[in-house]
Amino acid sequence: MALVSPLFGLWLLACSFSPVTSYPNGRVSVACSSMMPKHGHHPRSEVLHNITVDKTVYNPGDQIKVTLSGSRFAGFFVQARNANNLDGDAVGSFSLIDDQVSQLLKCGRIQDSAVSQTNKRRKEQVDFYWIAPSDGPQHIQFLATVVEKYSIYWVKIPGPIISQSGVPLMSSKPQTVALPAVPPSLLANGFSSTGCGSSKFCVRNPTSCDPQQDLPCFFLSFRREGDSMLIEMSGPVKGYLSFALSHDQWMGDDDVYLCLIDGQTVEINPAYNRGRRHPEVALPDVLRDTLWRREDGILQCSFRRDLHIADSTERFPLDGNYFIFLADGDVEDGRLHRHQRQPLITSKMYNIAESTEDVGGSRSPLLIKFHGAMMFIAWMTTVSIGVLFARFFKPVWPTSTLCGEKIWFQMHRILMVTTVLLTAVAFVLPFLYRGHWSTRAGYHPYLGCIVLALTVLQLILAVFRPPPSSRSSLLI
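What counts and how
Residue numbering note: each chain is counted from 1, following its sequence as written. Only residues with pLDDT of 70 or above have their local features reported here, since the model is predicted, and side-chain atom pairs are shown and tallied only from 80 upward, although totals for entire chains, interfaces and linings are computed over all residues. With hydrogens and water set aside, each side-chain value is computed from the structure's full complement of heavy atoms. For the purposes of this entry, the term helix denotes a DSSP run of H or I that reaches at least four residues, the term strand denotes a run of E that reaches at least two, and both are numbered from the N terminus. Each residue's exposure class comes from its accessible area (1.4 Å probe, protein chains only) as a fraction of the maximum for that residue type: buried when under 20%, exposed when over 50%, partly exposed otherwise. Contacts are assigned to residue pairs that have any heavy atoms within 4.5 Å of one another. If DSSP finds at least two bridges between two strands, the strands pair. Here the aromatic set is Phe, Tyr and Trp, taking the six-membered ring for Trp, and pairing holds for ring centres within 6.5 Å; pairs whose planes are under 30 degrees apart are stacked, those over 60 apart are edge-to-face, and all others are tilted. To sit over a ring, a charge needs its Lys NZ or Arg CZ within 6 Å of the ring centre and within 35 degrees of the ring normal. The salt bridge criterion pairs a side-chain nitrogen of Lys or Arg with a carboxyl oxygen of Asp or Glu, the two atoms within 4 Å. In this analysis, axes come from line fits to C-alpha atoms, helices being fitted only over the stretch in contact, and the angle between any two N-to-C directions falls in the range 0 to 180 degrees. The span you would expect from a helix comes to 1.5 Å times its residue count less one. The rule for a disulfide is simple: a pair of cysteine sulfur atoms within 2.5 Å.

S.K.: Just to check I follow, could you spell out the overall build of the chain for this structure?
M.R.: Within the chain, the regular secondary structure consists of five helices and 27 strands. Taking all 476 residues of the chain together, 46% fall into the buried category. Considering only intrachain contacts with a sequence separation of at least 6, the fraction spanning at least 24 residues in the chain is 62%.

Listed below in structure tokens is the structure:
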């Protein structure tokens, strides 16, 4: 059992990995319609970039050179649209001048109908060609989204309008971006747990903590007021605080709400998780009365949301039954990092619109707790005691036997077999919880497979080991 220490070290190492998702490659087809980055920040209004073309009149099949320039930027996304319907689909296609800087994307049914960056290297100018379609509208306008860094970007910067040959020219008109009418305001007073269990539904960690008095208190409350829900959340965080409504106890396909620190202010946005990926942040147009407060390292946010959001599959109706997640993490340059610890998850599903319960939660599901406990018992207790029996108790019981074998050997064997059984059961539990192999768990499952394989190998070698009374065994 000399493998015990290295295996335990590998097991600890597996727990230390914390991957961070990044999207610098410009594959942003998800933003084809809105041209809005899913960054959870408000777009800037002052325009620092310019789009120019080398022609103002086009015929079908023409190639028109398009140039995007301005202050240094990392990312961009450019489309051409019908100038009389800027919310419509992309028109025409693009071809590249420098494929090291830009790449083509498919938006809607048209191949190569948008162009974006290939990497996050800073640039001041990019050039490409737009190819006029055979059935294009009379007037075309170019639009660009430009990203300086994750928290600083511009959406639908209006470019020049070009017209079909023989059609009167159309002057460029400003493009407006739909921004929330009322940005988040300062919250005058902090939250209190008063009413939890009687007039509002609360999730608290530690159980029964009060955000008004206990600094380390994570707090989430829901108070129904007619056809809307007043939501408050509070916690000791440095980056972001969020909660999600989920149909299961596993991250993915969840309705998420973020409270994100952005410099000296705070952004409050809805979002959606597709699998265990970076959340897709939406504009806060479904939220009202957004308020925030930061004091003594505590972040607090509140907002109001209607129980039902029409024509939205990402915003769940609030009168359904859901598991509730409460998570926190770090923010760097306005970008959310993956939470460094498991979210707090309720033990069962609740209807927050019909219930006024006061509940807690767990940051580790029961099966995962058993997994950790069994691995700890196996590799810190049974295997260590088993080695001690084999190493130091031979002279203590030189002739005493148990079931026909020397006591020290029987105890050693029982403890080692127990180690194998505990390891095998602990290995299976995460798969029972997850349902299949997790591609997002880092190196931990791979090291778990190695640990199990070596453990079983030890058992097989022990079966073929000579009995303790043999001469070869005594010489070891």
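S.K.: Just to check I follow, could you spell out the side chain of Ser-228 for this structure?
M.R.: Considering the arrangement of structural elements, one finds Ser-228 in strand 14 (residues 228-235). Look past the residues within four positions of Ser-228 in its chain and what remains in contact with it is Arg-223, Arg-288, Arg-304, Arg-305, Asp-306 and Leu-307.

S.K.: I would appreciate a short explanation of the sheet that holds strand 11 (residues 185-186) in the present structure.
M.R.: Strands in a sheet are paired, the pairing made by backbone hydrogen bonds, and the direction either parallel or antiparallel. Strands sit in the order 11-19-20-14-13-12-25 across an open sheet of seven strands; the sheet is mixed. The two strands at the open ends of the sheet, each matched to only one other strand, are strand 11 and strand 25 (358-359). Sheet topology note: the strand 12 (residues 201-205)/strand 25 ladder contains two bridges and is parallel. Directly across from Val-203, in strand 25, lies its bridge partner Val-359.

S.K.: Would you take a moment to explain the packing of aromatic side chains for this structure?
M.R.: The description of an aromatic ring pair uses the distance of the two centres, along with the angle that the planes make with each other. Summed over all chains, the structure comprises 20 aromatic pairs. Taking the centre distance of 5.6 Å and the plane angle of 85° together, the rings of Tyr-58 and Trp-130 count as edge-to-face. Of this pair, Tyr-58 sits in strand 2 (residues 57-58) while Trp-130 sits in strand 8 (residues 123-131), and the two are 72 residues apart along the sequence. Just as Tyr-58 is buried, Trp-130 falls in that class too. Taken together through their ring pairs, the aromatic side chains of Phe-201, Phe-222, Phe-243, Tyr-257, Phe-303 and Tyr-350 make up a single cluster. Its guanidinium or amino end placed over the ring of Phe-392, Arg-391 lies 5.1 Å from that ring's centre, counting from NZ or CZ.

S.K.: When you look at the pattern of salt bridges in this model, what are you seeing that I'm missing?
M.R.: It is possible for side chains of opposite charge to pair when their charged atoms get near one another. Under the defined criterion, the tally for this structure stands at 13 salt bridges. The partner of Arg-305 in a salt bridge is Asp-255, with the nearest N and O atoms 3.4 Å apart. Of this pair, Arg-305 sits in strand 20 (residues 298-306) while Asp-255 is found in strand 16 (residues 254-262), placing the two residues 50 residues apart along the sequence. When its relative accessible area of 0% is taken as the criterion, Arg-305 is described as buried. Look at Asp-255 and you get buried, because its relative accessible area is 0%. Salt bridges sharing partners connect three or more residues here, namely Glu-225, Asp-289 and Arg-304.

S.K.: Just checking my understanding: could you explain the sheet that holds strand 8 for this structure?
M.R.: Reading across from one edge, 1-3-8-5 is the order of the four strands in this open sheet, with antiparallel pairing throughout. Each edge of the sheet is formed by a strand with only one pairing partner; in this case those strands are strand 1 (49-53) and strand 5 (93-96). With direction set aside, neighbouring strand axes in the sheet form an average angle of 30°. With eight bridges connecting them, strand 3 (residues 63-73) and strand 8 associate as antiparallel partners. Directly across from Val-66, in strand 8, lies its bridge partner Phe-128.

S.K.: Sorry if this is basic, but what is going on with helix 3 (residues 407-434) here?
M.R.: Because the α-helix completes a turn every 3.6 residues, residues three or four places apart line up on one side. Between its terminal C-alpha atoms helix 3 stretches 42 Å, which fits the 40 Å expected from 28 residues at 1.5 Å a residue. Where the residues of helix 3 are buried, they touch helix 2 (366-392), strand 26 (401-402), strand 27 (405-406) and helix 4 (444-463). Directly beyond the C-terminal end of helix 3, a positive phi value near 95° is found at Gly-435.

S.K.: Explanation requested: the state of the cysteines in the structure shown.
M.R.: Working definition: the covalent bond between the sulfur atoms of two cysteines is a disulfide. Scanning the model with the defined rule gives four disulfides in all. Shown here is the disulfide that connects Cys-32 with Cys-107, its sulfur atoms set 2.0 Å apart. Across the S-S bond of Cys-32 and Cys-107 the torsion is about -75°, and the bridge reads as left-handed. Of this pair, Cys-32 sits in the loop between helix 1 (4-14) and strand 1 while Cys-107 sits in strand 6 (residues 102-107), placing them 75 residues apart in sequence. A relative accessible area of 12% places Cys-32 in the buried class. On the accessibility criterion, Cys-107 (6% relative accessible area) is buried. A disulfide bridge connects Cys-259 with Cys-301, and the sulfur atoms are separated by 1.5 Å. Here Cys-259, found in strand 16, pairs with Cys-301, found in strand 20; they are 42 residues apart in sequence, far enough to count as distant. Cysteine pairing for the chain (bonded cysteines numbered in sequence order): 1-2, 3-4, 5-6, 7-8.

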